[in-house]
Every structure is written in C-alpha cells, then in structure tokens.
Amino acid sequence: DAKTTQPPSMDCAEGRAANLPCNHSTISGNEYVYWYRQIHSQGPQYIIHGLKNNETNEMASLIITEDRKSSTLILPHATLRDTAVYYCIVSQALTGGFKTIFGAGTRLFVKA
Amino acid sequence: EPEVTQTPSHQVTQMGQEVILRCVPISNHLYFYWYRQILGQKVEFLVSFYNNEISEKSEIFDDQFSVERPDGSNFTLKIRSTKLEDSAMYFCASSGDRGNYNEQFFGPGTRLTVL
C-alpha cells in the first residue's frame, strides 16, 4: 500500500539539522509529497507538503529532487521535542477526499 | 488556533457493546476522516466523508462501522458490536478545500479498550 520508503530510525544531536530522506520512485505527476509526524501516541501533525518545488515553512524545509523520485525533510535546528515518528506520504486529490496511507515512518531520536 | 477535538479521551467497553466516538472538526473544514492505530502499529485509514456521504473507505471499515455528521458540527464513528481487536486509538481528522492538495488536522484521539 505505502508507496514510500524511509529508514526505520535516525539519530540527531540537539541543535543540529535533522535530514530525513524518503524514496517515492513510483510517484505520479499529480501526487503531492506530504510529511506528518507523530509525537508519542498523539494524533499525527501535518508538517509540510510539496509537488515539485522546494518548500519551507516555520517548521521545516522540504527538498524534492528534480525527477521527484525522492525528497528530504529538513528540521533546521532539532530540539528534544522533535523526537517523533516522521511519515512521508504521497497522495493525490480524489473526488471527495484523500485516502492518506501511513507507512511505518522514521523514528527520529534527538539527543542532548 | 482552531483544533480538532475528540471525546471521550478514553472509552472502556465490553465486547459486543456499541460505542460512539465523537469528534468536532475545525469549523470551516469540508472533509472528515477516521483513522485507527493499534498499540505499536501504524496509523490505518478507515474512512473519509465529504458532502454528507462516505467518499473512501478501507477494508477495515466493514458493516460494523458507520459514520455520521448529525448536526453540522459533530462527526461520529459508531462501532455496532465491538470486538477485542477493535481496541485501538481512534483519530479523527479534518481538512479544508484546497483544490489539489490537502493537509489534514488530527485530533488527540480516543483510546478504545474492549474487554
């Protein structure tokens, strides 16, 4: 079901940039790349999305390769509170809604 | 900042009983969703709801499940006859009309325990 591949876990030092990769080699032209995260057992939290251009918001930056087959989520200055599972999801608009399929994600550990 | 709310935070029920999980989506949103997460497993899509009808559902969402938006503000998930394997966190989400893309806002979840 999941059309993305992510490493199961990563470590990052507090204050450093966290770079989380995602492969989506079968992405189609009208599919967006979305990133969500889930801190402990809270509800998933939307981070950022993109189609083909790089995107930045107050939480993160998203770098999408020119062929769109992979992307990287960048948390520029990771804090302990960024420890979470990060999900990379590709999906397209469907009439009446979006069937968002979560994979296993990457468990990011931010260490002091 | 507007947020999705869910009640109750924890529901304990006996096997075979009906439960109703409640959600209040963000007020100007048009798309509504339910997901579940069994302890230690991934988040699973159950159903999406738009324009007062189901638009997508997964294989998990069988005849035991139903959704309703009874009054224009609440969005409910009913499980008719609960089974032990229905024990999970249930998350409601909503999203606005953004055309081709869609960011979903999730509630804090309801932990359902079936005994």
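Placed above this text is the structure.
Just so it is clear, the structure is predicted and the values come from calculations on it, not from any experiment.

Trainee: Which residues make up the overall build of chain B, and what values do they have?
Mentor: In terms of helices and strands, chain B carries zero helices and 11 strands. The C-alpha atoms of chain B give 13 Å as radius of gyration, which agrees with the globular expectation for 115 residues (13 Å, within 12%). With the principal axes as the frame, chain B shows a C-alpha extent of 40 × 30 × 30 Å. Taking all 115 residues of chain B together, the buried fraction comes to 45%. Once local pairs closer than 6 in sequence are excluded, the contacts in chain B between residues at least 24 apart make up 54%. Accessible surface, chain B: about 5,800 Å² in total, of which carbon and sulfur atoms supply 44%. Averaged over its 10 positive side-chain charges, chain B has a centre that lies 3 Å from the centre of its 15 negative ones.

Trainee: Got a sec to walk through the sheet that holds strand S7 (residues 65-68) of chain B? Specific residues and values, please.
Mentor: Residue and element names in this part refer to chain B. Taken together, the four strands give an open sheet; going across it, the order is S1-S3-S8-S7, and neighbouring strands pair in antiparallel fashion. Every other strand in the sheet has two partners, leaving strand S1 (5-7) and S7 as the edge strands with one partner each. When strand polarity is set aside, the average angle formed by the axes of neighbouring strands in this sheet is 20 degrees. Sheet topology places strand S3 (residues 19-24) next to strand S8 (residues 75-79); five bridges connect them, and they run antiparallel. Within S8, the position partnered with Arg22 by the bridge is Thr76.

Trainee: So, the side chain of Thr110 of chain B: which residues are in play, and what are the values?
Mentor: Mapped onto the fold, Thr110 of chain B is located in strand S11 (residues 110-114). Those residues in contact with Thr110 of chain B that lie beyond four places of it in its chain are Gln6, Thr7, Pro8, Ser9, Gln11, Leu21, Ala88, Met89 and Tyr90 of chain B.

Trainee: Which residues make up the nonpolar core, and what values do they have?
Mentor: Grouped together as the largest cluster of nonpolar side chains are 22 residues, with contacts concentrated most on Trp34, Leu46, Phe61, Val67, Phe75, Leu77 and Tyr90 of chain B. Of all the elements in the fold, those that place two or more residues in this core are S3, strand S4 (31-37), strand S5 (44-50), S7, S8, strand S9 (88-95) and S11 of chain B. The contacts of Tyr90 of chain B, once residues within four sequence positions are left out, are Gln6, Leu21, Trp34, Tyr35, Arg36, Leu46, Phe65, Leu77, Ile79, Gly109, Thr110 and Leu112 of chain B. Grouped together as the second largest cluster of nonpolar side chains are 21 residues, Cys12, Ala60, Ala78 and Cys88 of chain A included.

Conventions adopted
Residues numbered from 1 in each chain as written. Chains lettered and ligands numbered in written order. Predicted model: local features only at pLDDT ≥ 70, side-chain atom pairs only at ≥ 80, totals over all residues. Heavy atoms only, no water. Helix = DSSP H or I, 4+ residues; strand = E, 2+ residues; numbered from the N terminus. Rg over C-alpha atoms; globule rule 2.2 N^0.38 Å. Buried < 20%, exposed > 50% of the residue type's maximum accessible area, 1.4 Å probe, protein only. Contact = heavy atoms within 4.5 Å. Areas by Shrake-Rupley, 256 points an atom, 1.4 Å probe, with all protein chains shown as cover. Lys, Arg positive; Asp, Glu negative; His and termini not counted. Charge placed at Lys NZ, Arg CZ, Asp CG, Glu CD. Pairing = 2+ DSSP bridges. Axes fitted to C-alpha atoms, helices over the stretch in contact; angles between N-to-C directions. Core = buried A, V, L, I, M, F, W, Y, C linked by side-chain atoms within 4.5 Å.

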